[in-house]
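Report on the structure
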Amino acid sequence: MQISLNDTEVERLKFGPLKWYSHKGDRYPGLRVAVTKTAKTWYLSKRDPRTGKTRSIKLGRFPAMTRDMAWQEAEIKAARIDNVLGREAAVGKGQQVSL
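If you're wondering where the values come from, they're calculated on a predicted model, not measured in any experiment. (Residues numbered from 1 in each chain as written. Predicted model: local features only at pLDDT ≥ 70, side-chain atom pairs only at ≥ 80, totals over all residues. Heavy atoms only, no water.)

**As for the pattern of salt bridges**
Think of it this way: side chains of opposite charge can pair up when their charged atoms draw near. Counted according to the given criterion, the structure contains 3 salt bridges. Here Asp 68 makes a salt bridge to Arg 67, at a shortest N to O gap of 3.0 Å. Of the residues examined, Asp 68 reaches a relative accessible area of 45% and is grouped as partly exposed. Glu 73 is paired through a salt bridge with Lys 77; the nearest N and O atoms lie 3.8 Å apart. A residue pair is termed a helical-turn pair when its members lie 3 or 4 positions apart in one helix, as Glu 73 and Lys 77 do in helix H2 (residues 67-91) at 4 residues. (Salt bridge = Lys/Arg side-chain N within 4 Å of Asp/Glu carboxyl O. Buried < 20%, exposed > 50% of the residue type's maximum accessible area, 1.4 Å probe, protein only. Helix = DSSP H or I, 4+ residues; strand = E, 2+ residues; numbered from the N terminus.)

Here's what the structure looks like:
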């Protein structure tokens, strides 16, 4: 479901069975929040260009991590993943590269 992903809207989300929310619009691509019975957790969805599969990377829990903090962390992790994928391509397939 798409909502305006701001701290006020996330605070209003009711706890319950697992539901995923993403930002309506293109300002925060890949940023999602999962709401369960006990927690609201920020995730980054990032496509792995090698496999074509989407990876979900846990960023942190709301309200300890605000939307802006989650977005900053998402940008850092996305850049790190892109950097590793670039190094893997340069090194060659089958060799491990650490994050």
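**Description of the pairing of strand S3 (residues 31-35)**
Along S3, 5 of the 5 residues are buried, which leaves the element largely enclosed by surrounding structure. Here S3 shows a buried face lined by Leu 31, Val 33 and Val 35 and a second buried face lined by Arg 32 and Ala 34. Inspection of the sheet shows strand S2 (residues 19-23) paired to S3 by 4 bridges, in the antiparallel sense. Across the sheet, residue Ser 22 finds its bridge partner in S3, namely Arg 32. Counting the residues that bridge the hairpin from S3 to strand S4 (residues 40-47) gives 4 residues. (Pairing = 2+ DSSP bridges.)

**Topic: the nonpolar core**
Grouped together as the largest cluster of nonpolar side chains are 20 residues, with contacts concentrated most on Leu 5, Leu 31, Val 33, Trp 42 and Leu 59. Only S3, S4, strand S5 (54-62) and H2 provide two or more residues apiece to this core. For this core, the element with the most residues is H2, which contributes 5 residues. (Core = buried A, V, L, I, M, F, W, Y, C linked by side-chain atoms within 4.5 Å.)

**Side note on the pairing of S5**
Strand direction decides the pairing type here: S4 and S5, joined by 8 bridges, are antiparallel. By the bridge assignment, Thr 41 is partnered in S5 with Arg 61. Between S4 and the antiparallel strand that follows it, S5, lie 6 residues; Gly 52 among them carries a positive phi value of about 80°.

**Here's the deal with the packing of aromatic side chains**
Counted according to the given criterion, the structure contains 3 aromatic pairs. Centroid distance Trp 42 to Phe 62: 6.4 Å. Interplanar angle 75°. Geometry classified as edge-to-face. Linking Trp 42 in strand S4 with Phe 62 in strand S5, this pair joins segments that are 20 residues apart in sequence. Phe 62 shares its class with Trp 42; the two are buried. Sitting over the ring of Phe 15, Lys 40 keeps its end group 4.8 Å from the ring centre. (Phe/Tyr/Trp six-rings, centres within 6.5 Å; stacked < 30°, edge-to-face > 60°. Lys NZ or Arg CZ within 6 Å of the ring centre and 35° of its normal.)

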